[in-house]
Amino acid sequence: MNDFLTCLNSICPHIVSDEARMKVYESDGLTAKKCLPRFVALPETLDQVQGIVKLCYEHNIPLVARGAGTGLSGGAMPHKDGVLLSLAKFNRILEVDENNLLARVEPGVTNLSISEHVTDLGLYYAPDPSSQIACTIGGNVAENSGGVHCLKYGLTVHNVRQLKMILPNGEMLTIGSTAFDSEGFDLLALMHGSEGMLGIVIEVTVDLLPKPANVVVVLAGFSSIQAAGIAVSEIISGGLLPAGLELMDRLAIQAAEDFVHAGYPTDVEAILLCELDGSEDEVEEQLQRLNEILDGKITGDLHIARDEAARANLWLGRKAAFPAVGRLAPDYYCMDGTIPKRELGKVLEQISLLSEKYGLLVANVFHAGDGNLHPLILFDANKPGELLAAESLGAEILEMCIERGGTITGEHGVGVEKIDQMCLQFGSNELALFHGIKSVFDERGFFNPGKAVPTLHRCAEFGAMRVTRGKEKHPELDRF
C-alpha cells in the first residue's frame, strides 16, 4: 500500500491520509452510516482524475466519488479499503450559451450558483433541491435530484443535455448532446440516479429556462393532514399543473415558523404551498381554478404572495424545514419514498400510526405534487435503542410505499440506507439485470462497491431476517 500511496501522490499533490483529517469525509448527510477511507484525493485537473482512476483500476482499489457530501442515503460513504475522490475543486461554470439556453459546468458547481450566474440574463436553472445552496450538480446527477419545482419542470434528468464521464479504465466518454436528442441508447438517462456506480461525472451541460413573466405563491391551511393530501389529488385531477406543490404538517410548520418566521399559520394541522407561473392572464386563470377546487376545504383564507420578497419568504420556511426540525430533537432521520398521489391521505394516516407505535415524533414535509414523501423521524441517538427504532420506523414507511404502488426513493437514492428494501421492490430477475448493467460499465465492480443494488445472497439473508423478526420481538425494541 505504501507503493500505491507513492504513486497516488505523484499523480495528485492533494492527498489526505491521516485519520483526523479524513474524519471530515467519513459520511455524507446520512451520519448514522460512517466509514473512514484509506485515502482521500482532491484532484484539480482532468488529467489528475483520470490518473487516479487508472491507478485504482490497475491495483483493484475501490473508488468512491464525492461532491459536497449533502446526500442522505450514504451514497458517498467511503470504502474502508478505498480512495475517496473529492470533486470539490471542480467548481467552475465553463460556458453559458445564451442563444441555445445552455450552461456547461463542472460537477462541483453548486446548484444555486447556476441560477445566480445567469440571473442578469433573465434565465435560471429549474431543479432546486432544498440543499441547493450547498449540493453540487455532479451529486444531483448521481441521485437524480428534484426539488420543489420538479412537478412542472422535472428532475435533474429532464434538465441535462450532455455529460462527460470517466470510465473505470480512466477513459473519458461523452453521452447525450447539445441537441434535444441523440442517437443510440439513452445512456444519459441511465447515468442519472446511478449513484457513482457506472462512471464519474466530470462535466455537465444543463438546460436554462427564461424566468416566468408572472409568479404567485399561494398558502392554504387545512384542519387535517389527510384533508391536505386529498386536496393535492384534486388540484392535479382538476387540470392544474403548479410549478411547485408542497405539503407540511403541524410539527414541520411550527418548527419552520419558530426558525425563520415565514408567516405560516400555527393553528392548522397542515399547509399547502402552491406556486403558479405563466403570463398574467394564465396565472389569474389558474388562481381562479385553484380557488374553486379549494372552496370549502381550507381553514381560514388563502394567502397569496405576488411580489418576489413575499414569495421568497414563504418558500424560505419550506427550504429551511430540515434544519428547523433539527432544533426539535438531538437527531432526525430523513426518509425519502414516493407514492401515487391518490394514496397521500391513507399514507399520512399510516405514518401517524407508526409514529405512535414507535413513540417517535415524525414531521412530514412532502413534494406533494409528485408524491415524494420526506418524513423526518425525530430521535436521540444517545438513548439506547432509539436509532434502531428510527431506522425500523423508516423501513416500515418504505415498505408501505411499495405496498401502495410507489417506490423506495424519489430523489435521495438507495446508497446503503435502502439497499435491503431493494430486495422487496425488485425480484431476482430485475436485480440480475441491474448487476448486468453495472458489469458492462464496471466489470471489476470497484466504482462505489456495495451500494444501491443488493446481491441475491443479501436479499436471501434479509428475507430470512424479516421472517425471524415477524416471529420474535427484537429485544432492543422492547420499550417501543
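A brief report on the enclosed structure follows. (Residues numbered from 1 in each chain as written. Predicted model: local features only at pLDDT ≥ 70, side-chain atom pairs only at ≥ 80, totals over all residues. Heavy atoms only, no water.)

A few words on the overall build of the chain. Check the secondary structure of the chain and you find 17 helices and 19 strands. Computed over the C-alpha atoms, the radius of gyration of the chain is 23 Å, within 12% of the 23 Å expected from 2.2 N^0.38 for a compact globule of 480 residues. Taking the principal axes of its C-alpha atoms as reference, the chain extends roughly 70 × 65 × 40 Å. Burial status across the chain gives 53% buried among its 480 residues. Taking contacts inside the chain between residues at least 6 apart in sequence as the whole, the part at least 24 apart equals 72%. Of the roughly 20,700 Å² of accessible surface on the chain, a fraction of 50% belongs to carbon and sulfur atoms. (Helix = DSSP H or I, 4+ residues; strand = E, 2+ residues; numbered from the N terminus. Rg over C-alpha atoms; globule rule 2.2 N^0.38 Å. Buried < 20%, exposed > 50% of the residue type's maximum accessible area, 1.4 Å probe, protein only. Contact = heavy atoms within 4.5 Å. Areas by Shrake-Rupley, 256 points an atom, 1.4 Å probe, with all protein chains shown as cover.)

Our next topic: the state of the cysteines. Here, disulfide denotes a covalent bond that connects the sulfur atoms of two cysteines. Overall, the coordinates contain one disulfide when judged by the stated rule. Cys12 takes part in no disulfide bond, and the closest cysteine sulfur, belonging to Cys56, lies 11 Å away. Here Cys334 is not cross-linked by a disulfide; its sulfur's nearest cysteine counterpart is in Cys401, at 12 Å. Relative accessible area serves as the criterion here: at 6%, Cys334 is assigned to the buried category. (Disulfide = S-S within 2.5 Å.)

On to the nonpolar core. With 60 residues, the main nonpolar core has Leu247 and Ile377 as its most contacted residues. When residues no more than four places from it in sequence are discounted, the contact partners of Ile377 are Asp331, Tyr332, Tyr333, Met335, Leu360, Leu361, Val362, Ala390, Leu393, Gly394 and Ile397. In this structure, Leu219, Ile253, Val325 and Leu376 belong to the second largest nonpolar core, which totals 28 residues. (Core = buried A, V, L, I, M, F, W, Y, C linked by side-chain atoms within 4.5 Å.)

What follows deals with unusual backbone geometry. Backbone geometry places Leu101, a non-glycine residue, at a positive phi of 55°. Relative to the helices and strands, Leu101 is located in the loop between strand E5 (93-97) and strand E6 (102-105). Using a relative accessible area of 27% as the deciding quantity, one classes Leu101 as partly exposed. For Glu195, which is not a glycine, the phi torsion comes out positive at approximately 55°. By secondary structure assignment, the location of Glu195 is in the loop between helix H7 (187-191) and strand E10 (200-207). A relative accessible area of 5% places Glu195 in the buried class.

So, about the packing of aromatic side chains. If you walk through the whole model with that rule in mind, you get four aromatic pairs. Residues Tyr57 and Phe446 carry aromatic rings whose centres are separated by 5.8 Å and whose planes lie at 55° to one another, so their mutual orientation is tilted. With a gap of 389 residues between them, Tyr57 in helix H3 (residues 46-59) and Phe446 in the loop between helix H16 (428-441) and helix H17 (456-471) connect regions that are remote in the sequence. Site record: aromatic cluster; members linked through ring pairs are Tyr57, Phe446 and Phe447. Directly above the ring of Phe180 sits Arg161, whose terminal nitrogen or CZ lies 4.1 Å from the centroid. The lysine or arginine in question, Arg444, covers the ring of Tyr57, its NZ or CZ lying 3.8 Å from the ring centre. (Phe/Tyr/Trp six-rings, centres within 6.5 Å; stacked < 30°, edge-to-face > 60°. Lys NZ or Arg CZ within 6 Å of the ring centre and 35° of its normal.)

What follows is about helix H8 (residues 225-237). Over its 13 residues, H8 extends 19 Å from the first C-alpha to the last, a length consistent with the 18 Å expected when each residue adds 1.5 Å. Every buried residue belonging to H8 is among Ile225, Ala228, Gly229, Ala231, Val232 and Ile235, and all of these are buried. For H8, the arc enclosing every buried residue in end-on projection is 155°, short of the 170-degree limit, so these residues lie on one face. Where the residues of H8 are buried, they touch strand E12 (214-222), strand E13 (244-249), strand E14 (270-278), helix H10 (280-294), helix H13 (344-358) and strand E18 (362-367). (Expected span 1.5 Å × (residues − 1). Arc of directions from axis to C-beta.)

The next thing to look at is the packing of H8 against H10. Any two packed helices are characterised by how steeply their axes cross, that is the angle between the axes, and by the distance between the axes. It is at 10 Å that the axes of H8 and H10 come closest, and there the two elements cross at 135°. Taken together, the axis directions place H8 and H10 in an arrangement best described as oblique. The interaxial crossing formed by H8 with H10 has right-handed handedness. Taken together, the residues of H10 that come into contact with H8 (itself represented by Ala231, Glu234 and Ile235) are Leu290, Ile293 and Leu294. The class makeup of the residues in the contact of H8 with H10 is five nonpolar, no polar and one charged. (Axes fitted to C-alpha atoms, helices over the stretch in contact; angles between N-to-C directions. Parallel < 35°, antiparallel > 145°, perpendicular 65-115°, else oblique. Left-handed = near helix turned anticlockwise from the far one by under 90°. Nonpolar A, V, L, I, M, F, W, Y, C, P; charged D, E, K, R; others polar.)

On to the sheet that holds E5. Taken together, the five strands give an open sheet; going across it, the order is E5-E6-E10-E8-E9, and neighbouring strands pair in antiparallel fashion. Strands at the two margins of the open sheet, each flanked by one partner only, are E5 and strand E9 (172-176). Here the average twist between neighbouring strands, direction ignored, is 15°. Note: strand E8 (residues 160-166) against E9, five bridges, orientation antiparallel. Pairing of Ile166 across the sheet is with Met172, part of E9. (Pairing = 2+ DSSP bridges.)

As for its position among the elements, Met1 is in the segment before helix H1 (2-11). Taking the relative accessible area as the measure of exposure, Met1 reaches 38% and is therefore partly exposed. Distance in space between the C-alpha atoms of Met1 and Pro454 is 29 Å, their sequence separation being 453 residues. Ignoring any residue separated from it by four or fewer positions in sequence, one finds Met1 in contact with Arg38, Phe39 and Ile61.

By themselves, these observations are geometric and do not establish any function.
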